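# Architecture at a glance
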Amino acid sequence: MNEIIESVKNLSIGFNSQKGKQISILRNVSTNIKKGETVGIVGESGSGKSTLALAMMGYIKQGLFPLKGECLFKSKDLLKMSSRQLEKIRGRKIAMIPQNAGQALTPNLKIGYQIDEALKLHTDLNKTERDKKISELLNKVRLPSPETMAFRYPHELSGGQQQRVAVAMALAGKPDLLLLDEPTTGLDVTTQAHVLELLRFIAKDTGTSMIYVSHDLGAIAQVSDRIVVMYAGEIVLEGPARKILKEPIHPYTYGLLKSIPKLSLAGLPASMPGSQPQPGSINEGCSFYDRCNLATDNCKKNSPDLEHIKELDTNVRCFNYKELINQNNNLQTSITKKSNNSEANEVLKLKDVSISYAKQKFFDQLLNKISDQNPTVKDINIDIKKGETIALVGESGSGKSTILKSIAGLLKTKDGQIKFENDRILSSDLKMRNPNDLRAIQLIFQNPDESLNPNHTVEQILSQPLKLYFNLSGEELKKNIIDLLKKVRLGEFYMSRYPRQLSGGEKQRVAVARAFAAKPDIILCDEVTSALDVSVQAAVLNLLQQLKEDLGTTYVFVSHDLAVVRAISDRVAVLYQGRLCEIGPSQNVYKFPSHPYTEVLLGAVLEPDPDIKPKLVAEDIVEEKPPEKGCSFQGRCPRKIGDICNLEVPPWQIGENGNAIRCHINIDELASLQQ
Amino acid sequence: MLLLILKRIGLGLITLFIVSLITFVGVEVLPGDACTTYLEREAYGAALDACIKRLGLDIPAYERYLDWASNVIRGDFGYSLSGEMPINEVLGPRVKNSLVLASVSILIGIPLAIVLGIITALWRDKFPDIMISTITIFSMTIPEFISATLLILIVAIWLGWLPGIVIIPSDATFYELLSNIILPVVAISMIMTAHMARMVRSSVIQVMASDYVQMAILKGVPYWKMVFRHVLPNALLPAINVVALTIAWLLGGVVVTEVVFNYPGLGRLVIESISNRDLPVVQALAIILASIYVGINLIADLMTLMLNPRLKSLQIRK
């Protein structure tokens, strides 16, 4: 167990800047991977975790080069090997499971061929033995009908299946070390939990060492024996998983853990101020100095070394770590948020809304009718009160973003009405809405890189809605822009910046400011924190909450992340295949009795706690379209009771706490089943 | 799949129908008709009437169109005015000559372009890339009529290695043609090859940067195997359509080059028949060139469809 299989020694990797300066992305990193051990490398984007992981396979991305140090695999330095020697090690001794299997599988080659290729390169099996082995591997990663699976192309598989194929391919060469680069990021919650479970099983079954790289402490917590925390290209904390997650003694790790929204906590997570320094802008002193609340003058001048603390079996890079020992009961706290006034009037009503993506046939187009009997979104009834935050939750394909687009007028409804203020019907066609209605409903998109025009300065971006809706100009316009920036906690000097000069969090703040510029009544938030790092996500969530409390805005918040939803929302609507499953006050939706789908979702959430294991109650099948009749969840429901589920649409049942569940099983029975 | 092919072919036929209508209407709308151009100064009185009668120009235009179109479908383009001989006889050898010229250019140009594109992409920013890229960009910028003239000046006049002008009858044998077409082929394929090589280069570079190529490297696939199995099929796929467009576009180059080298092909016929106002021949040529254009693009579309597993299964599922 104590045999070291790969060891990184004083590794620095960097690039030459345009000014000819040497800039390091990885600074003096040393760590050891022992046999049979799973090491989680965690850090936010730009921390150098992927660069480190790839270097451990002797792979350095184009443009980068090693500055010093070595990567010893079985005491041979990978960074000094020829590509011929590396070919012998890659796939055979060290194998990689990539982040996005959909893009990492070659599109023109069949699954079977791609696995066979690895077998041919790394084993001596003959053709028939290899064919048998392919089936075996596909079976091992629990893919359905392995025989036919081998003849399919990557694009014919779902995301979770593609990831399993990547795992099978990595296992083909029986590697001693598996390298996993964000292997579950981008998968749906339930799929993610299933793939992680598979990986854990494989680690145990084959005794392979694993390096698991992720930004997601929830996923890391599920698989790792040991955790390495990276910040700005350095290791800041390293130790046994349980110690790191439960008693983090580095202020960054502590802050990171506090900024993760948790299912068990109703309030908002605490955010960490500032952002990670860019490579090249790191000066003397501790790289976390600017964001640290334990920082002293010493931290500004001298950078701490990685210090080994024997009694905790932990390495930490901090002068003041002792202040954090025994401080950690604080981890399970959150910022309470002011709940909305439930007496308020309804501001937006969705009545029997159905939306279809089906292409209209020529004659139907002439008659101006939509003829889809089984629309993507069907029978949505939601009343939204003024000043509340309602969340739409579901996995990909649940129709949550579709509903949002319809409210915004970007997508025509097939049936039903969207009523705004005093039951006035809003046209589902953007062109038919009056300017004031357009102003009143604003949208914030998932990815600020795509929603902000890269050729406009922040000033131009923010002045557009102000000019359009309020005819502002000159000094008044400028004053308003500065006010808006102040509201989202950005200084006046940001006005002249371009989006590319901002960090991810700053960009999303500008997008928030742009939405608020219109003084809207309702803001539609489409996965607004999904593209952000956890610490930044917490800051944006807090900002949104603060603005709502100050201005009384209503949010419709779409997210796939149940913990985020728990933190921000007053009410939650759970969707599956475009049909509502459950709706109610958020504290109740997160308690049983639940709709079976909510139960599945809640079970699959990964908490940054090694003691909370996900419960996998349903298969992670991907359904392409909603069933034509009966309950929308019939295909995957773990509590299906029989034909009635296939034939009849379940009735709404209202529980004691006011959450409504759409299920054939009696709500009290559900409660006792889920105990 | 079959349905899709039929659909594409149908669309191609509709395109040809529209082209034929446009050329026919264009000829009708032009001032003067076949007789006035043919008779020139004698276009009056009895001679004109007789001519109109003989060519059937007194029949209403739509009837003449139907008549002409049904003949074309049967492969009969009617009579040329200037030579008073069947257009098919005029066209036959010309089409053959041009086809020889074009296909030799394509057969040399495409493989060369692919090889050059791959070399420049794999040795990106290194010596081979810099050298080849400089040459391709240079030859891309020179129009055919200049490069053709320069070739004649250097190879034919200064060095005296090859004949400067093609002096062969239009019904020359294939072998006679081959020895004469070296310079025209070089002139035509220069631009085409350069364009395609650039296209292949950027396509290969893009694929080399993809996640699946990184994955193949990390899987331990040897370099050249990776290039041939993982990179090229995916990089050349999008190039097919561009190649088709380049070939269609090459038709224009053929016209110019043929005139410069005095080559007895379709291109020279286009120029000749236009300056002679031989309208039936112009019409016939328009249809033939349009068919080639449509045909090549159709083949390219179908090839992409067959070779791209993603599109193929998408179509089958529908």
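What counts and what doesn't
- Residues numbered from 1 in each chain as written.
- Chains lettered and ligands numbered in written order.
- Predicted model: local features only at pLDDT ≥ 70, side-chain atom pairs only at ≥ 80, totals over all residues.
- Helix = DSSP H or I, 4+ residues; strand = E, 2+ residues; numbered from the N terminus.
- Rg over C-alpha atoms; globule rule 2.2 N^0.38 Å.
- Buried ≥ 20, exposed ≤ 12 C-beta atoms within 10 Å, placed from the backbone.
- Contact = placed C-beta atoms within 7 Å.
- Nonpolar A, V, L, I, M, F, W, Y, C, P; charged D, E, K, R; others polar.
- Core = buried A, V, L, I, M, F, W, Y, C linked by C-beta atoms within 7 Å.
- Pairing = 2+ DSSP bridges.
- Domains from an automatic or database assignment.
- Axes fitted to C-alpha atoms, helices over the stretch in contact; angles between N-to-C directions.
- Expected span 1.5 Å × (residues − 1).
- pLDDT = per-residue confidence, 0-100.
- Parallel < 35°, antiparallel > 145°, perpendicular 65-115°, else oblique.
- Left-handed = near helix turned anticlockwise from the far one by under 90°.

What follows deals with the overall build of chain A. Each helix and strand counted, chain A has 25 helices and 24 strands in total. Here the C-alpha radius of gyration of chain A, 26 Å, is about what a compact globule of 675 residues would show, namely 26 Å. Overall, chain A is about 75 × 65 × 50 Å in size when its C-alpha atoms are taken along their principal axes. For chain A, buried positions account for 50% of its 675 residues.

Within chain B, the regular secondary structure consists of 14 helices and zero strands. Along chain B, helices and strands appear, N-terminal first, in the series α-α-α-α-α-α-α-α-α-α-α-α-α-α. Counting only C-alpha atoms and orienting by the principal axes, one finds that chain B spans roughly 85 × 60 × 30 Å. Residues counted as buried form 31% of the 318 residues belonging to chain B. Here the analysis covers contacts within chain B between residues at least 6 apart in sequence; of these, 71% occur between residues at least 24 apart.

Before going further, it helps to spend a moment on the interface of chain A and chain B. The partner chain B presents 19 residues to the 25 residues of chain A that form the contact. Contributing elements (two or more residues each) for the side of chain A that touches chain B: helix H2 (83-89), helix H3 (101-104) and helix H4 (111-122) of chain A. When residues in the side of chain A that touches chain B are grouped by element, the largest group, four residues, is from H4 of chain A. Across the side of chain A that touches chain B, the residue classes break down as twelve nonpolar, eight polar and five charged.

What follows is about the environment of Glu3 of chain A. All names here are of chain A. In this structure, Glu3 sits in the segment before strand E1 (4-16). According to the C-beta neighbour criterion, Glu3 is exposed, with 10 such atoms within 10 Å. Considered as a pair, Glu3 and Pro448 are 445 residues apart in the sequence and their alpha carbons are 46 Å apart. When residues no more than four places from it in sequence are discounted, the contact partners of Glu3 are Lys34 and Lys35.

With 233 residues, the main nonpolar core has Ala168, Leu179, Ile211, Val229, Val556 and Ala573 of chain A as its most contacted residues. The dominant element in this core, judged by the number of residues it contributes, is helix H9 (residues 182-208) of chain B, at 14 residues. Setting aside its immediate chain neighbours within four residues, Ile211 of chain A contacts Ile33, Val39, Ile41, Ala53, Met56, Leu177, Leu179 and Leu180 of chain A.

This brings us to the pairing of strand E22 (residues 579-585) of chain A. Residues and elements named next belong to chain A. In terms of residue burial, E22 counts as a mostly covered element, since six of its seven residues are buried. Where strand E21 (residues 571-576) lies against E22, six bridges are found, and the strand directions are antiparallel. Bridging across to E22, Tyr576 finds its partner in Arg579. Bridge count between E22 and strand E24 (residues 660-662): two bridges; the pairing is antiparallel. Bridge assignment links Glu582 to a residue of E24, and that residue is Ile661.

On to the domain arrangement of chain B, then. All names here are of chain B. Partitioning chain B into domains gives domain 1 (2-73) and domain 2 (93-317). For domain 1 versus domain 2, the separation of C-alpha centres amounts to 33 Å. On the side of domain 2, twelve residues touch domain 1, which itself brings 15 residues to the contact. Only helix H1 (2-29) and helix H2 (34-39) provide two or more residues apiece to the side of domain 1 that touches domain 2. Sort the elements by how many residues they give to the side of domain 1 that touches domain 2 and H1 lands first, with twelve residues. A breakdown of the residues in the side of domain 1 that touches domain 2 according to their chemical character gives nine nonpolar, five polar and one charged.

Here the focus is the sheet that holds strand E13 (residues 346-355) of chain A. All names here are of chain A. Across the sheet, which stays open at both edges, the four strands sit in the order E14-E13-E16-E17 with antiparallel pairing between neighbours. The strands lining the two open edges of the sheet, one partner per strand, are strand E14 (377-385) and strand E17 (424-426). With direction set aside, neighbouring strand axes in the sheet form an average angle of 25°. Of the pairings in the sheet, the one linking E13 to strand E16 (residues 415-420) comprises five bridges and is antiparallel in character. Looking at E16, one finds that Lys349 is bridged to Lys419.

Quick look at the domain arrangement of chain A now. Residue and element names in this part refer to chain A. We note that the domain assignment places domain 1 (4-93 + 175-276 + 286-332), domain 2 (346-569) and domain 3 (591-675) within chain A. Relative to domain 3, the C-alpha centre of domain 1 lies at a distance of 37 Å. Facing 18 residues of domain 1, the contacting portion of domain 3 comprises 14 residues. Taken together, the elements giving at least two residues each to the side of domain 1 that touches domain 3 come down to helix H8 (189-206), helix H9 (217-223) and helix H10 (241-246). In terms of residues, the side of domain 1 that touches domain 3 owes the most to one element, H8, which gives six residues.

To continue, consider helix H7 (residues 159-171) of chain A. Helix length check: H7 of chain A (13 residues) gives 19 Å between terminal C-alpha atoms against 18 Å at 1.5 Å per residue, within 8%. Where burial is concerned, most of H7 of chain A is hidden: 13 out of the 13 residues are buried.

A few words now on the confidence of the model for chain B. All names here are of chain B. Taken residue by residue, chain B gives an average pLDDT of 81. The fraction at 70 or more is 91%. Of all secondary-structure elements in chain B, the lowest mean pLDDT belongs to helix H14 (residues 309-317), at 57, while helix H10 (residues 211-218) reaches the highest, 91. Scored by ipTM, the complex comes to 0.79, with pTM at 0.82.

The next thing to look at is the sheet that holds strand E2 (residues 22-34) of chain A. Each strand in a sheet pairs with another by means of backbone hydrogen bonds, the pair being arranged parallel or else antiparallel. All names here are of chain A. Read from one edge of the open sheet, four strands run E2-E1-E4-E5, paired in antiparallel fashion. Looking at the sheet topology across the chains shown, the edges are occupied by E2 and strand E5 (76-77). Relative to E2, E1 runs antiparallel, the two being bridged by nine bridges. Looking across to E2, one finds that Ile13 is bridged to Leu26.

On to the packing of helix H19 (residues 504-517) of chain A against helix H20 (residues 534-551) of chain A, then. What describes two packed helices is the angle between their axes and the distance between those same axes. Residues and elements named next belong to chain A. It is at 10 Å that the axes of H19 and H20 come closest, and there the two elements cross at 20°. Between H19 and H20, the angle falls in the class roughly parallel. In this structure, the crossing between H19 and H20 has a hand that is right-handed. Taking contact as the criterion, the partners of Gly504, Gly505, Gln508, Arg509, Val512 and Phe516 in H19 are, on H20, Val536, Ala539, Val540, Leu543, Leu544 and Leu547. Of the residues that constitute the contact of H19 with H20, the class distribution is eight nonpolar, three polar and one charged.

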